[in-house]
Amino acid sequence: MTKPRLPLLITAFFVFGGVCAVAAPLEDPAAPRFGPYFLGHETEPAMDYGGRVMISLHTAVSDAGSILTRRFPYVAPAYELPFAVLISTLQHEVHGHGARGREYNLKPSYGFGLDFSAYTTIDRYPRSMEQLSALAAGGTEANSIMARRIGLDLCRPGSIPASSATMLLLAKLDLSVYIASTSKPRAPREAEPGRADAEDKTSFVDEFEQGNDIAIYLATRQATRREADPVDVWLRDYEIDFDDPLLDKSYRQVQDVALWNALDPMLWASMFFYVRDHAIKGARMLPAPALPIGDGYGLTVGTRGSIEPQSVSRFLDIYLLTPVAVFGAYGRDLRSTDETAYGFGAGVYRLTLGARAKASFSGDIWDWPEAPEAQYNGTGWNAVGEIEFPIGPALGMALKAGYKNAGYFPGVPTASGAYLGGGLTATF
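Residues numbered from 1 in each chain as written. Predicted model: local features only at pLDDT ≥ 70, side-chain atom pairs only at ≥ 80, totals over all residues. Heavy atoms only, no water.

K.L.:
Give a description of the overall build of the protein chain that names residues and reports values.
P.N.:
The number of helices and strands found in the protein chain is ten helices and twelve strands. The long-range share in the protein chain, meaning contacts at least 24 apart out of those at least 6 apart in sequence, stands at 63%. For the protein chain, the accessible area works out to roughly 18700 Å², and carbon and sulfur atoms hold 62% of it. (Helix = DSSP H or I, 4+ residues; strand = E, 2+ residues; numbered from the N terminus. Contact = heavy atoms within 4.5 Å. Areas by Shrake-Rupley, 256 points an atom, 1.4 Å probe, with all protein chains shown as cover.)

K.L.:
Provide a residue-level description of the pattern of salt bridges, including the pertinent values.
P.N.:
This structure, assessed with the given rule, holds 23 salt bridges. Note that Arg226 and Asp244 form a salt bridge whose closest N and O atoms lie 3.9 Å from each other. With Arg226 in the loop between α7 (213-225) and α8 (230-234) and Asp244 in the loop between α8 and α9 (245-262), this pair connects stretches of sequence that are 18 residues apart. Across the pair Asp333 and Arg314 runs a salt bridge whose closest N-O atoms are separated by 2.7 Å. In this pair, Asp333 is assigned in strand β7 (residues 326-335) and Arg314 in strand β6 (residues 312-321), connecting sequence segments 19 residues apart. (Salt bridge = Lys/Arg side-chain N within 4 Å of Asp/Glu carboxyl O.)

K.L.:
How would you sum up the layout of surface pockets? Please name residues and give values.
P.N.:
Put simply, the second largest pocket is a space of about 670 Å³. Around the second largest pocket sit 29 residues that line it, and His92, Glu93, Ala118, Tyr178 and Asp213 are the ones nearest its centre. Contributions of two or more residues to the lining of the second largest pocket are made by α3 (76-103), β3 (118-122), α4 (129-154), α5 (164-180) and α7. When grouped by side-chain class, the residues that make up the lining of the second largest pocket number 14 nonpolar, ten polar and five charged. (1 Å grid on protein atoms, 1.4 Å probe; cavity = no way out; pocket = protein on both sides within 12 Å on 5 of 7 lines; lining within 4 Å. Points joined across faces, edges and corners; volume = space filled by probe spheres on them. Nonpolar A, V, L, I, M, F, W, Y, C, P; charged D, E, K, R; others polar.)

K.L.:
An account of the side chain of Arg304 is needed here, citing residue identities and associated values.
P.N.:
Take Arg304: it is sitting in strand β5 (residues 297-307). Its relative accessible area of 14% is what places Arg304 among the buried residues. A polar contact is formed between the side chain of Arg304 and the side chain of Asp317, at a distance of 2.7 Å. With near-sequence residues (within four places) excluded, Arg304 lies in contact with Arg148, Lys172, Trp260, Asn261, Ser313, Arg314, Phe315, Asp317 and Tyr330. (Buried < 20%, exposed > 50% of the residue type's maximum accessible area, 1.4 Å probe, protein only. Polar contact = N/O pair within 3.5 Å; in protein donor to acceptor, adjacent residues only side chain to side chain.)

K.L.:
Tell me about unusual backbone geometry, residues and numbers included.
P.N.:
Residue Pro36 is bonded to the preceding Gly35 through a cis peptide linkage, with omega at 5°. Residue position: Pro36 is located in the loop between α1 (5-21) and β1 (37-42). Cis geometry marks the peptide bond from Glu44 to Pro45; its omega dihedral reads 5°. Note on placement: Pro45 falls in the loop between β1 and α2 (47-68). Although it is not a glycine, Glu227 adopts a positive phi angle of roughly 55°. Tracing the chain through its elements places Glu227 in the loop between α7 and α8.

K.L.:
Got a sec to walk through the sheet that holds strand β9 (residues 358-367)? Specific residues and values, please.
P.N.:
Reading across the sheet, the ten strands line up as β1-β12-β11-β10-β9-β8-β7-β6-β5-β4 and stay open at both edges, with antiparallel pairing between neighbours. In the strand order of this sheet, the two ends are held by β1 and β4 (291-294), each with one partner. Direction aside, neighbouring strands of the sheet carry axes that sit 15° apart on average. With ten bridges joining them, β5 and β6 adopt antiparallel strand pairing. Looking at the pairing, Thr303 lines up with Leu316 of β6. (Pairing = 2+ DSSP bridges. Axes fitted to C-alpha atoms, helices over the stretch in contact; angles between N-to-C directions.)

K.L.:
Can you tell me about the environment of Phe315, naming the residues and giving the values?
P.N.:
Mapped onto the fold, Phe315 is located in strand β6. If we ignore the near neighbours within four places in the chain, the residues touching Phe315 are Trp260, Gly302, Thr303, Arg304, Ser306, Tyr330, Gly331, Arg332 and Pro410.

K.L.:
So what's going on with empty space enclosed by the protein? Which residues, and what values?
P.N.:
What the rule picks out here adds up to four cavities of 30 Å³ or more. What the largest cavity holds in volume is close to 640 Å³. Around the largest cavity, the lining is made up of 34 residues, and of these Asp48, Arg148, Leu152, Ser362 and Val384 lie nearest the centre. Secondary structure elements with two or more residues in the lining of the largest cavity: α4, β6, β7, β8 (340-352), β9 and β10 (379-390). Tallied by class, residues from the lining of the largest cavity come to 17 nonpolar, nine polar and eight charged.

K.L.:
Would you mind going over the nonpolar core in detail, with residue names and values included?
P.N.:
In this structure, Phe208, Tyr217, Leu218, Val233, Ile240, Val254 and Ile307 are the most contacted members of the largest nonpolar core, which totals 31 residues. Mapped by element, the contributors of at least two residues to this core are α4, α5, α6 (204-210), α7, α8 and α9. When residues in this core are grouped by element, the largest group, seven residues, is from α7. With sequence-adjacent residues up to four places away left out, Val233 is seen in contact with Met129, Leu132, Phe208, Thr220, Ala223 and Tyr238. Among the nonpolar cores identified, the runner-up in size contains 27 residues, and Ala84, Ala147, Leu173 and Leu267 belong to it. (Core = buried A, V, L, I, M, F, W, Y, C linked by side-chain atoms within 4.5 Å.)

K.L.:
With reference to specific residues and values, describe helix α10 (residues 265-280).
P.N.:
What sets the pattern is the α-helix's 3.6 residues per turn: residues three or four places apart point alike. The terminal C-alpha atoms of α10 lie 21 Å apart, and with 16 residues this matches the ideal 22 Å at 1.5 Å per residue to within 8%. Approximately 35° is the largest bend angle found in α10, and it occurs at Tyr274. All of the buried residues in α10 are Pro265, Met266, Leu267, Trp268, Ala269, Ser270, Met271, Phe273, Tyr274, Asp277, His278 and Ala279. For α10, the side-chain oxygen to backbone nitrogen distance between the N-cap and Met266 is 3.1 Å, and the N-cap itself is Asp264. At the exit of α10 stands Gly282, carrying a positive phi of roughly 80°. (Expected span 1.5 Å × (residues − 1). Bend = angle between axes of the 7 residues up to and from the residue.)

K.L.:
Give a description of the packing of aromatic side chains that names residues and reports values.
P.N.:
Considering all chains together, one arrives at ten aromatic pairs under this definition. For the pair Phe72 and Tyr74, a centre-to-centre distance of 6.1 Å together with 75° between the ring planes defines the contact as edge-to-face. On the basis of relative accessibility, which here comes to 40%, the residue Phe72 falls in the partly exposed class. With centroids separated by 6.2 Å and ring planes inclined at 85°, the aromatic side chains of Phe204 and Phe242 adopt a geometry described as edge-to-face. Here Phe242 lies in the loop between α8 and α9 and Phe204 lies in helix α6, a separation of 38 residues in the sequence. By relative accessible area, Phe204 is classed as buried at 0%. Using a relative accessible area of 23% as the deciding quantity, one classes Phe242 as partly exposed. Within the aromatic cluster, the residues linked to one another by ring pairs are Trp366, Trp368, Tyr376 and Phe409. (Phe/Tyr/Trp six-rings, centres within 6.5 Å; stacked < 30°, edge-to-face > 60°.)

If you want it as structure tokens, here you go:
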């Protein structure tokens, strides 16, 4: 990775947003004024439906603010962005670290500061390295799950208000910013005569001991390879081996994931529309972040990343937008320190079944790479369906059911078996 390429790539994706704007339809004047709001839950880790509740909280605040600032739309970012920071922090802790903690019955609890700082603790020790890895990665994982739902909703104009683009920005970049702000794994430098400032520089060890998610994740990967005790790692009694070449390789791989995750065309196109249509023109809804190809059809691509107990993964998504649904497919690599394996998935999102009923279905399959952590092997798979239907003029119900085999996949239980969810929606 070289620094000169980053501004060029970001500029390219902003240009993508501008191209998407050509012939993009304006919002429907008959669109609902308030909502959609959601209240529900699902089998732990409840990252997806928990994220929907968080999105609804942000929507409610944005709706209330729009009443007061209707004539001054440019004021909206002043309250939508700070509240998005708060919501993404809550998602990171409660439906991220906390969700994995609840899944493993570790009894999590939380603390929050006035400066938007937060932390999660557990009353029971993790029983395996798999649990500890998933716990460390859970915060950024939950925000990534929420960001994906927001992005898919934005592909169906009228499904989610424009204010959620700020949530997309904060949730999407949570993983990338966290990785970028983590120090390179190296032994802390001791102070030298005449260089007392060397003691004051933050080191990887400092971050590990202070609870940095990425530092804990990388140390856990190494401790797994060395068959250390997960309790020692959790209590920070584990001594990191900085001569381990795989530690440095893992760090470089998560940096690659951070860059790939941040350079998401759907994200930057959405932010382009947020500024142009919402902050400047006052539109409540945004056009889809896609290249229009005529007659209600569009095409868009997205990038996302994941850090997992024995590997890291980069996803490339392709979506076809149609008048009746969004059809999507993706490919991804799963890179351990030994080899690279691949996975694929496809689905249909918000397929129109009637006047107001919508259904979504998707499936995923992947091979586990050979890895010195030896957490998984063979093939993994996951399948999930969701349906939403009206139960009144303004109310609806959402039901979700999925099934997977044992092993890690973002946003769902690590154990094999079924997972379920349900909740109520409201739009006015």
